[in-house]
Amino acid sequence: MKVSRTIVLILYLSLLSVSVSSQQNISYDERCTLPYDGMIIDEDTVFCKGDYYLPSGITVTNNARLNCNHAHLKGNFSSPMISLHQVTGAGIKNCFIKQSKGGIEIQNSQNNEILSNTILDTTKDGIRLTSSDQNTLSGNIVAHSSSYGIFLYDSRKNVISKNKIFDSPEGIRLGTSYDNRIAKNNINNTKYGLLLSFSGSNHVSGNVLHNNQYGAVLVFSSSFNLIAKNVIMSNLYSGIELIGFDHLVRPVNNTIHHNLIDGNALGINVLSSFTENN
């Protein structure tokens, strides 16, 4: 009897030791939270893997880091899936978003990171920045958007890099946006791979724009931009196009050099006489 009790006690203590040890080894990334519709993320959060129906989307607040952990977030085309309004220092990564009004919407926000997300089948922009500065958008995939893959409006000093955008009306569009860096993105099967409108002093380099209708288009007073070291190939019409409408609304002083432009109907097309010093 004593031997048997001793064996039972040893087994119990061994199991207890294993249980305590395993709990101590759980890292933050191994814990997860179940997302729910209308959720507000106000602290670092890791979602549990799975499929979730979130028609109203979720909101991320200051300094909160959201790791979706490759969870699938599905909407009903009525709201953006993830919203940041007046947010600083937040992060969003590893989200799989589909069938929402917009994928990720950022307004009046600074110094946020949007990394390695996949956004499909949106009725508006995949990722939209409005009046937002010094954000980083990198490693995202946007496809089958009904509008822009990535759209910057009235936004400055953002880094848009290493994103893949395809099967959308436009790849990347800048409107009234300045001093942004657009680098190493791959854009194909759009009408406009890259379009700059009323935007200046942006650096566009190292991008691959192929199999679009137009590669890169500068229009409406888009001036002092650098377009360099891009691969612009097999676009249906122009590789690079500059469009001006009158002497007040025209692209001037853009620098275009060391691009590989091949297999387009036109290489560089200056569409009107209202351009200068390009």
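Residues numbered from 1 in each chain as written. Predicted model: local features only at pLDDT ≥ 70, side-chain atom pairs only at ≥ 80, totals over all residues. Heavy atoms only, no water.

Q: Would you take a moment to explain the sheet that holds strand 18 (residues 164-166) for this structure?
A: Two pairing modes exist for strands in a sheet, parallel and antiparallel, and in both the strands are linked by backbone hydrogen bonds. With respect to topology, ten strands assemble into an open sheet ordered 3-6-9-12-15-18-21-24-27-30, the strand pairing being parallel. The open sheet has two edge strands with one neighbour each: strand 3 (51-53) and strand 30 (260-262). Pairwise comparison of adjacent strand axes, ignoring direction, gives a mean angle of 10 degrees for this sheet. Note: strand 9 (residues 96-98) against strand 12 (residues 118-120), three bridges, orientation parallel. Paired with Ile-97 across the bridge in strand 12 is Ile-119. (Pairing = 2+ DSSP bridges. Helix = DSSP H or I, 4+ residues; strand = E, 2+ residues; numbered from the N terminus. Axes fitted to C-alpha atoms, helices over the stretch in contact; angles between N-to-C directions.)

Q: Sorry, what's going on with unusual backbone geometry here?
A: Where the residue is not glycine, phi is negative for most of them; where a peptide bond is considered, it is trans in most cases. At Ser-221, a position not held by glycine, the phi torsion is positive, near 60 degrees. Turning to its location among the elements, Ser-221 is positioned in the loop between strand 25 (214-219) and strand 26 (226-228). A positive phi angle, close to 60 degrees, is found at Lys-229, a residue other than glycine. Following the sequence through the fold, Lys-229 ends up in the loop between strand 26 and strand 27 (231-233).

Q: For this particular structure, what's the right way to read the sheet that holds strand 14 (residues 136-138)?
A: Taken in spatial order, the ten strands line up as 2-5-8-11-14-17-20-23-26-29 in an open sheet, and their pairing is parallel. This sheet does not close on itself; its edge strands, each paired only once, are strand 2 (45-46) and strand 29 (255-257). Pairing of strand 20 (residues 181-183) with strand 23 (residues 203-205), which is carried by three bridges, proceeds in the parallel orientation. Note that in strand 23 the partner of Ile-182 across the bridge is Val-204.

Q: Looking at this structure, how should I read the confidence of the model for the protein chain?
A: Reading fine detail from the predicted coordinates is not recommended where pLDDT is low. In this model, the protein chain carries a mean pLDDT of 88, and residues with pLDDT of at least 70 account for 85%. Counted against residues more than four places away or in other chains, residues 6-29, with its pLDDT under 50, gives six contacts. (pLDDT = per-residue confidence, 0-100. Contact = heavy atoms within 4.5 Å.)

Q: Which parts of the structure should I look at to understand the state of the cysteines?
A: Under the defined criterion, the tally for this structure stands at two disulfides. There is a disulfide in this structure between Cys-32 and Cys-48, and the S-S distance comes to 2.1 Å. The chirality of the disulfide connecting Cys-32 with Cys-48 is right-handed, given an S-S dihedral of about 85 degrees. Here the residue Cys-32 occupies a position in the loop between helix 1 (2-24) and strand 1 (40-41), and Cys-48 occupies one in the loop between strand 2 and strand 3, the gap between them amounting to 16 residues. What makes Cys-32 partly exposed here is its relative accessible area of 43%. Judged by its relative accessible area of 12%, Cys-48 falls in the buried class. One disulfide in the model links Cys-68 with Cys-95; its S-S distance is 2.0 Å. Between Cys-68 and Cys-95 the sulfur-sulfur dihedral comes to about 70 degrees; the bridge is accordingly right-handed. Highlighted residues: Cys-68 in the loop between strand 5 (65-67) and strand 6 (72-74) and Cys-95 in the loop between strand 8 (91-93) and strand 9, separated in sequence by 27 residues. (Disulfide = S-S within 2.5 Å. Buried < 20%, exposed > 50% of the residue type's maximum accessible area, 1.4 Å probe, protein only.)

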